[in-house]
Amino acid sequence: MPLVVYTLVWLAGSVAVFWVPDRVADVIWTSIGLISVAAIVVGVRRNRPARTWPWLLIATGVFLSIAGEAVYDLLTYAGEVDGPYPSVADVFYLGMYPPLIVGMLGLSRSMARTRVPLLPVDAMVILGGLGLLSWVFLISPHLFDPGLSLLQRVLIVAYPVGDLLVLAIVARLVIVHGFSPAVVLLCVGAVGLLVADTAYGTEQLHGHGQAGWPARVAWLLCYGGWAAAALHPSMAELTRPARVVSAEVCIGRQVSLLAACLLPQALLVFEAARGRVPHASAIGVAAGITALLFAIRLFGLLADHRRHTDRAEIVRAASARLASARDVPAVRAALQDAVERLAAGNTPHAVQVIINDGGHHDVFTPRDTPDVSIVASAPPADLGPPTGPATSVLVCPLRLDERGPADADLGMLILRSSGRQLDVLQASMQTLASAAAQALERLTLTAEITRRDSELYFRALVQNAADVILIVEPASWRVRYASPSAARLFGPVMTLGRPLLDLVAPECRDTARDQLASAKVDTPQPSDWVMAGDGARVQVEAVCQDLGEEPAVAGIVVTLRDVTEQRRLQRRLTYLAYHDSLTGLANRVAFRARLQEVTEQARGSGLLAGVLFVDLDDFKIVNDTLGHETGDRLLREVAKRLLAVLGPHDTPARLGGDEFAVLVPTAPDVSSIETAAQHLVAALDRPFTLDGRPLSGRASVGVSCTADAPNAVDLLRQADLALYAAKAEGKGRWCRYDASLGADAVQRMRLRSELERAAADGQLFLEFQPIVRLADAVTVGFEALVRWNHPTRGRLGPAEFIDIAEESDTILAIGTWVLREAVDTAATWQTNARTAPYVSVNVSVRQFHAEGFADAVQQTLAAAALPADRLMLEITESLLLADDEQVWHDLGELRRTGVRMAIDDFGTGYSALNYLRHMPLDVLKLDRVFTSTIATSRQQADFVAGIIKLAETMHLEVVAEGIEQPRERDLLRAAGCRYGQGYLYSKPLSAEDARRWQNP
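Treat the numbers as computed from the prediction; the structure is a model and nothing was measured.

### Some points on the overall build of the protein
Here is step 1 of the chain: Of regular secondary structure, the protein possesses 33 helices and 24 strands.
Here is step 2 of the chain: Long-range contacts, defined as pairs at least 24 residues apart, comprise 66% of the intrachain contacts of the protein with a sequence gap of at least 6.
Here is step 3 of the chain: Of the accessible surface of the protein, which amounts to about 49,200 Å², a share of 58% is contributed by carbon and sulfur atoms.

### Describing the sheet that holds strand β11 (residues 659-667)
Here is step 1 of the chain: In space, the five strands of this open sheet follow the order β10-β11-β9-β14-β15, with mixed pairing throughout. For this open sheet the edge positions go to β10 (651-656) and β15 (734-736), each flanked by a neighbour on one side alone. Neighbour-to-neighbour, the strand axes of this sheet turn through a mean angle of 20°, independent of strand direction.
Here is step 2 of the chain: Strand direction decides the pairing type here: β10 and β11, joined by five bridges, are antiparallel. The partner of T651 across the bridge, within β11, is L663.
Here is step 3 of the chain: Against the sheet, helix α19 (residues 628-645) contacts β9 (608-616), β10 and β11, and its axis sits at roughly 10° relative to β11.

### Side note on the nonpolar core
Here is step 1 of the chain: Of all hydrophobic cores here, the largest spans 66 residues; its most connected members are V839, V841, L871, L873, L894 and L972.
Here is step 2 of the chain: The element contributing the most residues to this core is helix α24 (residues 810-826), with eight residues.
Here is step 3 of the chain: Discounting residues that sit within four places of it in the chain, V839 has contacts with F768, F782, A784, A822, A826, W829, R870, L871 and M872.
Here is step 4 of the chain: With 53 residues, the next largest nonpolar core counts V44, M96, L173 and C222 among its residues.

### Re the environment of R686
Here is step 1 of the chain: Inspection of the secondary structure puts R686 in the loop between α20 (670-685) and β12 (688-690).
Here is step 2 of the chain: A sequence separation of twelve residues divides R686 from R698, and the C-alpha atoms of the two residues are 7.4 Å apart.

### A look at a nonpolar patch on the surface
Here is step 1 of the chain: Nonpolar side chains collect at one region of the surface, where M1, V4, V5, L8, V9, L11 and I35 lie side by side and expose about 640 Å² of accessible area between them.
Here is step 2 of the chain: When residues in the nonpolar patch are grouped by element, the largest group, five residues, is from helix α1 (residues 2-16).
Here is step 3 of the chain: One can find V9 in helix α1.
Here is step 4 of the chain: Under the relative-accessibility criterion, V9 is labelled partly exposed at 35%.

### Examining the UniProt feature "transmembrane region" (unreviewed entry) in the protein
Here is step 1 of the chain: Residues annotated in UniProt with the feature "transmembrane region" (unreviewed entry) correspond here to residues 26-44, 56-79, 91-107, 119-138, 150-175, 182-201, 213-231 and 282-303.
Here is step 2 of the chain: As annotated, residues 26-44 comprises 100% helix and 0% strand, and the C-alpha atoms at either end are separated by 28 Å.

### Focus on the sheet that holds strand β2 (residues 392-398)
Here is step 1 of the chain: Read from one edge to the other, the open sheet built from three strands follows the order β1-β3-β2, with strand pairing classed as antiparallel. Two strands bound the open sheet, and with one partner strand each, they are β1 (350-355) and β2. Sheet twist, expressed as the mean angle between neighbouring strand axes with direction ignored, is 15°.
Here is step 2 of the chain: One ladder, built from seven bridges, connects β2 with strand β3 (residues 411-417); its direction is antiparallel. By the bridge assignment for β3, V393 is matched with R416.
Here is step 3 of the chain: The sheet contacts of helix α12 (residues 328-342) involve β1, β2 and β3, and relative to β1 the element is tilted by about 155°.

### Digging into the packing of α24 against helix α26 (residues 853-864)
Here is step 1 of the chain: Their axes nearest at 9 Å, the elements α24 and α26 cross at an angle of 30°. The interaxial crossing formed by α24 with α26 has right-handed handedness. Counted together, L819, R820, V823 and D824 of α24 and V857, T860, L861 and A864 of α26 form the full contact between these two elements.
Here is step 2 of the chain: Of the residues assigned to the contact of α24 with α26, the class counts are five nonpolar, one polar and two charged.

Criteria and cut-off values
- Residues numbered from 1 in each chain as written.
- Predicted model: local features only at pLDDT ≥ 70, side-chain atom pairs only at ≥ 80, totals over all residues.
- Heavy atoms only, no water.
- Helix = DSSP H or I, 4+ residues; strand = E, 2+ residues; numbered from the N terminus.
- Contact = heavy atoms within 4.5 Å.
- Areas by Shrake-Rupley, 256 points an atom, 1.4 Å probe, with all protein chains shown as cover.
- Pairing = 2+ DSSP bridges.
- Axes fitted to C-alpha atoms, helices over the stretch in contact; angles between N-to-C directions.
- Core = buried A, V, L, I, M, F, W, Y, C linked by side-chain atoms within 4.5 Å.
- Buried < 20%, exposed > 50% of the residue type's maximum accessible area, 1.4 Å probe, protein only.
- Patch = residues over 30% accessible without salt bridge, like charges linked within 9 Å, V, L, I, M, F, W, Y side chains within 5 Å.
- Salt bridge = Lys/Arg side-chain N within 4 Å of Asp/Glu carboxyl O.
- UniProt positions renumbered as here; feature names shortened; annotations may be inferred.
- Left-handed = near helix turned anticlockwise from the far one by under 90°.
- Nonpolar A, V, L, I, M, F, W, Y, C, P; charged D, E, K, R; others polar.

Right, here's the structure in full:
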């Protein structure tokens, strides 16, 4: 209504001012100006802008203009001068500009927060163009007019400059705020002021006196436009907090800037076309200033583009993180990091991300709670006012639809910083908020889909699970639900409605009853039941959990898993863990556990307990000659015999390999334990028959008892020492531990360790015993015998260390060394092939079974250049029993090369005539056991004669060992034995003595 009233008054006055006499028109003119001032004040009071002082300054400027007009009229009428110029009125006219410019700037400053930092540069470009036009057409023509005073020239410059400043500020309002009604009306007033001043100045310079109608119309538009702008409600928008203005340059602005830049060139062309260029200097200055402003704007655009690109990259990277975020904390972290990077700089700021999870009722309108919570509630942090000018807050709701209701917000992104920085970051913040909203919605949808899939998944699991799942009533324990797998466990028996205990075997019902009664515990423990639903007994593992408080269950959930086969396997594994898989006897673990238990009982009861350590003698020969399968069969037979001969309370065990142990738990005295050992040795001394072949199971036994050992460990150690002592005494016997055995065992272990270094340290050497022809005592060969020159014990014979070497791989190294030394020594003997003696070398069973033995023998002969027929290898009878194709092949291969074979110590082992007939042998060496008794026993002499006759029948030469008496030589020669060796002819000789022996 005030705007309508003012408009009517303004129209009436504008019309009247041209139709009434001059003096009345001047009064009306002044009245219109004062009414305009009053209208501005009324508009300020009515529309209540955020700041009133800019409008009041505009009103002051209008008032000064009206005052100047009134003074001008008074001077005109009082001095009867038509149009005094300059005059006191010009002071009021010029005084109008300061409040007017400051007021316009007050409006413009409120709107200056924009993302277009180059706006002042654009305004200066346009202002420069307008200034150039004013200079060329308004100022310059009169500024240098000699007919004008200095004051007149100053006024000529002052009015256009003031008008241009007002117009430039209003243009800035247009750029920032657009063409709102208030801004349009301010533009009308500014243009009217410029036109009015231009027309007025021109008329005064030309001496026309009173202002003409163009100036009056323009002033009316000026007063009316500014008053109407103050009365219009949109004037309040000009002083409200700044809004963000797009950085894009509109077409009109582009055209204005282009025209302003090209204006100097256009004026230059215009004046050149007229024949002279009077304003060349001004045009050049304007062109230079325009070029400078253009460069500033170009660099500013580049800097703005770089900042925009950086912000876009930050937003892009944050959007990628949000798109790949797997949970709400990741979304929160991505937002926090992105905003921190965007706001990085010297401006204080604070960032907060609030997620609407239903826990912030003071921030969000409650929304429908989803089935799956996406984040736990957390109270919003107090941002607090940062130090510095950061007094504004930008709140960006995390909303999928920007036009959606507030209760659809998924959260808020809050940034507190300076107003200018918030203006710059608002678009980026809104983009981040939208991306975050999409990420949160995606997480919510994913959680919902996962929940539904999980329900389907677990439903499918229950329906197809191998375990039986039952739901029973809490009070009656009747089955209310049974999964489909119950049919496989209970068979055709109907389970629904039956008491669960009826399906449990009677012996397990108490266990089941206790477990069902304690189903309320937080961590239920499984137990084994036996189910007997359809008569078939099935062992199950049962777990009971009371879920009576769960509405979907309201009962006790019983899970039954068929563990029948698993428990059977566990029992089998437990049996195997404590029993030997080959013999079925207790193993080492079970024996040690039982021994520990028995020793503790014996210590408390006063009775004795004993341990019998059993080791089969020469079992390795059985394995090496007859194979491991035969060895395993022999071990099983030994176990059966142990069980047959031992008492019902004794515990036999196989400790490994051919080692057995027997635990005698209670014995009244030591003699009872010794008697058990004696019976055991006697039982195993009887041969075993396998596949019609007699095999020896003879064993040595070590005995210890708790009378000598305080604990189980010492009991085993003492039995082991006693076993070594039994073997050292000749095997096939038992020995009880005494204190001296410990020192013997230590000495044996030390000897074994020293023997491993003997060959490498040069402690071994060979001696050679001549083998002669009994008819004429001519030496035909030498047997190589190894000796050990021990560092402390002196000279040791093979009987003192070969058995120890056989217990480890040391025998292989010693055998290889003996073969090489013997062959090398024989190569130095006579070179006459007809008379040169051969060398005979003993080969152990392990050495002959070593891979590549035959090749090694041939390589040794080749290296020493010794003919193969001058080497004889002596093997034991046990090698003949080896049903091993490789052994037979190696024997045949060596004989084909010329190496001769002899069987050593014939008659003391397992010789079988069938093997003698088929094996590739050349010599049979008769053991000294036979030769030493033929002179005193007719029966023994006949037995030896039979062996010699048998060998002759099989085309084997016989070499008799241990000939010490002439009578023994004569009997052997009479029986047909052609060769022999012994002390009758010579003791073993060193290599040098053996060489001299050949050449006496």
